[in-house]
Amino acid sequence: MSERWLVVPGDLITEEKVKLGPNVYVEGGKVYSKVVGLAEVKEGVARVIPLEGRYIPREGDPVIGIVVDVKIPGYDIDLNSPYKAFLPNEELSEEASYGDVIIATVKRVDAVKNALLEKGNILRGGELITINPKKIPRVIGKKRSMLNLLQTLTGVTIMVGANGRIWLYGKNADIAKEAIFKIEQEAHTSGLTDRITKFIEEEMHGRRGNQA
Amino acid sequence: MAGEVIRPDGRSYEDLRDTIRIEAGVLDRADGSAYLEWGTTIRLVKVPAQEEKKLSKWSEKWPMVSVVERREDHVLAEFPKPLWKLIDELKDVEVVREYLRGNKVFVAVYGPREPIPRHEASPYRAILRYRYTMSPFSVPERKSPKPSRRETEISMVSRLALEKVLFLEEFPMTMIDVFAEVISADAGTRVAALTAASVALADAGIPMRDLPAAVAVGKICSDGNCAIVADLNKKEEDMEGAVDLPMVVLPRKEEFTLLQMDGRVSREELEEMLELGIRKAKEINRIQREALLRKYERVSGNDE
Amino acid sequence: MNEFVWEFTSDKVRKLALRGFRIDRRALLDYRPASIETGVVYNADGSALVNLGGTKVVAGVKFELGAPYPDRPDEGALLVDAEILPHSSPSAEPGPPDEEAIELARVIDRSIRESNALDMKEFVIREGELVYLLFLDMRVLDDNGNLIDAASLASAAALLDAKVPRVEDDQIVRHEYERKLKLNEIPIYTTFVKIGKLIMVDPRIEEEHAFDARMSIATVDDGSIVAMQKGGAGSFSKGELSFMADEAIKKGREMRKLVKEAVGHGKD
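Just so it is clear, the model here is predicted, and its values are computed rather than measured.

Enquirer: I would appreciate a short explanation of the overall build of chain B in the present structure.
Expert: Along chain B, the regular secondary structure elements total 5 helices and 11 strands. The principal-axis extent of the C-alpha atoms belonging to chain B is close to 70 × 50 × 45 Å. A separation threshold of at least 6 residues defines the contact pool for chain B, and within that pool the share at least 24 residues apart is 74%. Distance between charge centres in chain B, computed from 48 positive and 54 negative side chains, equals 3 Å.

In structure tokens form, the structure reads like this:
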């Protein structure tokens, strides 16, 4: 039975011999937290799930970016990260321009953390929001359960980037947006799924009522 | 804990000032932030003019009990929190207001972010910048907004105090900025700023080995008697022969990353001051921890 | 934030404006919630901290002594300064005040001077030799849009909070006050932005990156207009200006009331 608890930098996680997961460090045989987050020792791995921090590109991450420069071989993409990303022309089936919203995958990250992107697609219309990237896993949920819930209840198409950007398309996008901001605020609590379900149902009901 | 040296606000030697409050995540635009208040809560009271004799007697012993306004039939006087019990001994007393006499600091952290200028970036780690500034109205004599030599020195030693605590090597080719603005000053401003900076850095998600806690200890003397005290306020700093020792402590390892001293002490006194500092830094660290955890407790749902 | 990223948000702001809406669903003439706290700095002779929809500004008043301006030997001097701190946004850089900060200080200064809010002749110790210098310093801590109105509220509150210190032997006696600072007027700025054909009050930061033109109008209680400042490259028609002047008088009165309430906290 794994239990998670809130920690701050320097807090002791465990004195046992464990494998080191993300956001912890070892000193004098003891494992400590590097960040503010939820600590967990599960299946022999000690880790901390961070609650704050900017997005640092990682291989395999889906990301949503904005074209900020059009170059001859491809595009410079803003990921709301201190690190840059580049999408080569051949990774996009059509031509993009300044300000276009792109969803892509991080193919590779170099020694100084700049990202090379692949499999890009332009997202047209819709609405783009940015939340704390560390709360994205909660918006997706275990086995995409939260994301499916949001899409099913509101009918909105939602694309989520690991870099904290979320693209929404649909009539009830504003309700989905409010729900996502709520998840962002309460990501570290339990019983969230039920509260979000209740919130959306109430909002959607109110909306149908007003469309009489 | 009575002693031969009376502290101007009636505190015991080892007491930190009575009011230390930290709030994390107070600025919207910054990546991380903290607001800190560190000082003495003052009660402003109104009493009939006849009571001034009592006030004068107290002021002689505790200079922070003082008359601030005199009118024909009444006077207004300030009382620091440790001496509020004296107020009960006054006749026809009315408490007008409460306010903080102390340090107030806003710290903003931005980063990791793109380095400026680009050519100063390092492929091995993030560059740390620390900028300590004081508002012109924060001090008794209006200070010009231009950066002073003192602010430059404090910025530098503060940066050095934090550099090795942060895991800067995780963010090559970037910059991490710490901006500390003191809007109200009353001795120990660099220490207040650093204490808040630790919280702001953690709030920004910057990985750290510990939460560095800052405090100042020192020595004050009067009538030939001296005492080692914690957390000197402005009145104490200005006393003749006072020694001020600001420090930054890594609470877990009990190590110092900043240490400066103004004054003259013996070897034994230094030892005592360092030990007192570590004890007090741990108290500060508890307040820092609570500030960070409270940010999340604020939003907990009722079905936890 | 990168300019092109702002472009993206601005596009959304403009599209909504075409349909008559603001991105935060506010009414066109509604201010964001504002909180004002006075007496926040012990060493200041007057001070205030304002939070206008997330925009945070702290203002402080300090009295010093000095020589009067040679062409005004019978008056004290008012010196207004503003700094947009690097805390306030990712693009705010540390360093000397840039054009935005200088404009902010001068705009607030004009509203106080031109409204004759202060009688500077009250601040003479010895004519031609020694006068009070009244410093008003503003520090912007968080920029969520509309610095001018936030600074205006903070200055007004700090001035209303202020007391004049006693002078003895040509020196200021700190923390001993002889009287409250007397204000003849309380000038308050109301700022509008025009996006497309839509005019709205109290722009948030996203609206500030999307506007065509901006208008700040300072008014006093009797409905007089005491200062104006146009921002941005776009233009206003005479009709639009008349509309904004009328609204500024109304809004100015509302905000002035807020400031007065914040200052009235049982002081002697």
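Back to the text.
Enquirer: Would you mind going over the side chain of Glu 69 of chain B with me for this structure?
Expert: Within the fold, Glu 69 of chain B resides in strand β3 (residues 66–70). A polar atom in the side chain of Glu 69 of chain B sits 3.3 Å from the side chain of Arg 71 of chain B.

Enquirer: Which parts of the structure should I look at to understand the interface of chain B and chain A?
Expert: Think of interface size as the accessible area that goes away when the parts come together; that is how it is often given. Chain B puts 35 residues into the contact, and the matching count from chain A is 31 residues. Taken together, the two surfaces of chain B and chain A that pack against each other cover about 2700 Å², and 56% of this comes from carbon and sulfur. Along the contact surface separating chain B from chain A lie 6 salt bridges. Lys 84 of chain A is the partner of Glu 114 of chain B in a salt bridge, and the nearest nitrogen-oxygen pair spans 3.1 Å. For the pair chain B and chain A, the interface holds 14 residue pairs in polar contact (both at pLDDT 80 or more). Within the residue set of the side of chain B that touches chain A, elements represented by two or more residues are β5 (94–113), α3 (189–203) and α5 (267–297) of chain B. Ranked by residue count, the leading element in the side of chain B that touches chain A is α5 of chain B, at 6 residues.

Enquirer: Before we go on, may I ask you to explain the domain arrangement of chain B in this structure?
Expert: Residue and element names in this part refer to chain B. Under the domain assignment, chain B is made up of domain 1 (19–41 + 101–296) and domain 2 (44–100). For domain 1 versus domain 2, the distance between C-alpha centres works out to 33 Å. Of the residues lining the interface, 12 residues belong to domain 1; the matching set on domain 2 comes to 11 residues. Taking both sides of the interface into account, the surface hidden between domain 1 and domain 2 amounts to around 870 Å²; carbon and sulfur atoms contribute 68%. Counting the contacts that link domain 1 with domain 2 gives 0 salt bridges. Our enumeration of links across domain 1 and domain 2 arrives at 1 residue pair in polar contact (both at pLDDT 80 or more). Those elements that provide at least two residues to the side of domain 1 that touches domain 2 are β2 (32–48) and β5. Among the elements that take part in the side of domain 1 that touches domain 2, β2 stands out by supplying 5 residues, more than any other. Across the side of domain 1 that touches domain 2, the residue classes break down as 1 nonpolar, 7 polar and 4 charged.

Enquirer: What am I meant to see in the domain arrangement of chain A here?
Expert: Residues and elements named next belong to chain A. Each domain of chain A was delimited in the assignment, giving domain 1 (5–50), domain 2 (62–123) and domain 3 (127–210). Its C-alpha centre places domain 2 at a distance of 25 Å from the equivalent point of domain 3. Contact between domain 2 and domain 3 buries roughly 880 Å² in total, counting both sides, with carbon and sulfur atoms accounting for 65%. The interface formed by domain 2 and domain 3 contains 1 salt bridge. With a shortest N-O distance of 2.7 Å, Arg 165 and Asp 78 are connected by a salt bridge. Linking domain 2 to domain 3 there are 5 residue pairs in polar contact (both at pLDDT 80 or more). For the side of domain 2 that touches domain 3, the elements supplying multiple residues, two or more each, are β8 (62–70) and β11 (101–109). Among the elements that make up the side of domain 2 that touches domain 3, the one with the highest residue count is β8 (5 residues). Across the side of domain 2 that touches domain 3, the residue classes break down as 8 nonpolar, 2 polar and 1 charged.

Enquirer: Is there a simple way to explain the interface of chain C and chain B in this structure?
Expert: Facing the 43 residues of chain C at the interface are 43 residues of chain B. Both faces combined, the contact of chain C with chain B buries some 3600 Å², and carbon together with sulfur accounts for 53% of it. Taken together, chain C and chain B are joined by 4 salt bridges. Note that Asp 137 of chain C is salt-bridged to Arg 142 of chain B, the shortest N-O span being 2.7 Å. For the pair chain C and chain B, the number of links is 24 residue pairs in polar contact (both at pLDDT 80 or more). Mapped by element, the contributors of at least two residues to the side of chain C that touches chain B are β3 (55–66), β4 (77–84), β6 (130–142) and β8 (171–180) of chain C. In terms of residue count, the dominant contributor to the side of chain C that touches chain B is β3 of chain C (6 residues).

Enquirer: Sorry if this is basic, but what is going on with the sheet that holds strand β11 (residues 255–259) of chain B here?
Expert: Residue and element names in this part refer to chain B. Strand order in the open sheet formed by 4 strands is β9-β8-β10-β11, and the pairing between neighbours is antiparallel. Across the chains shown, the open sheet's two edge strands, defined by having one partner strand only, are β9 (225–230) and β11. The sheet shows a mean angle of 25° between the axes of neighbouring strands, direction not considered. Packing against the sheet, helix α2 (residues 149–163) makes contact with β10 (243–250) and β11, and its axis sits at approximately 165° to β11.

Enquirer: Just checking my understanding: could you explain the pattern of salt bridges for this structure?
Expert: Between side chains of opposite charge, a pair can form as their charged atoms come close. Under the criterion given, the structure shown has 77 salt bridges over all chains. The shortest N-O distance in the salt bridge between Lys 104 of chain B and Glu 37 of chain B comes to 3.9 Å. Within this pair, whereas Lys 104 of chain B is found in strand β5, its partner Glu 37 of chain B is found in strand β2, the two being separated by 67 residues in sequence. The partner of Lys 194 of chain C in a salt bridge is Glu 240 of chain C, with the nearest N and O atoms 2.9 Å apart. Of this pair, Lys 194 of chain C sits in strand β9 (residues 188–195) while Glu 240 of chain C is found in helix α5 (residues 238–263), placing the two residues 46 residues apart along the sequence. Taken as a pair, Lys 194 of chain C and Glu 240 of chain C share a single burial class, namely buried. Salt bridges sharing common partners tie together Arg 7, Asp 9, Arg 11, Arg 17, Arg 101, Asp 186, Asp 231 and Glu 236 of chain B.

Enquirer: How do you make sense of unusual backbone geometry when you look at a structure like this?
Expert: A cis amide bond links Gly 111 of chain B with the next residue in sequence, Pro 112 of chain B, at an omega value of 0°. One can find Pro 112 of chain B in strand β5. A cis amide bond links Ile 116 of chain B to the next residue, Pro 117 of chain B, at an omega of -5°. Checked against the element boundaries, Pro 117 of chain B lands in the loop between β5 and β6 (127–134). Residue Asn 23 of chain A is not a glycine yet carries a positive backbone phi of 65°. As for its position among the elements, Asn 23 of chain A is in the loop between β3 (19–20) and β4 (24–27). A residue is classified by how much of its surface remains accessible, and Asn 23 of chain A, at 22% relative accessible area, is partly exposed.

Conventions adopted
- Residues numbered from 1 in each chain as written.
- Chains lettered and ligands numbered in written order.
- Predicted model: local features only at pLDDT ≥ 70, side-chain atom pairs only at ≥ 80, totals over all residues.
- Heavy atoms only, no water.
- Helix = DSSP H or I, 4+ residues; strand = E, 2+ residues; numbered from the N terminus.
- Contact = heavy atoms within 4.5 Å.
- Lys, Arg positive; Asp, Glu negative; His and termini not counted.
- Charge placed at Lys NZ, Arg CZ, Asp CG, Glu CD.
- Polar contact = N/O pair within 3.5 Å; in protein donor to acceptor, adjacent residues only side chain to side chain.
- Buried area = accessible area lost by both parts, 1.4 Å probe.
- Salt bridge = Lys/Arg side-chain N within 4 Å of Asp/Glu carboxyl O.
- Domains from an automatic or database assignment.
- Nonpolar A, V, L, I, M, F, W, Y, C, P; charged D, E, K, R; others polar.
- Pairing = 2+ DSSP bridges.
- Axes fitted to C-alpha atoms, helices over the stretch in contact; angles between N-to-C directions.
- Buried < 20%, exposed > 50% of the residue type's maximum accessible area, 1.4 Å probe, protein only.

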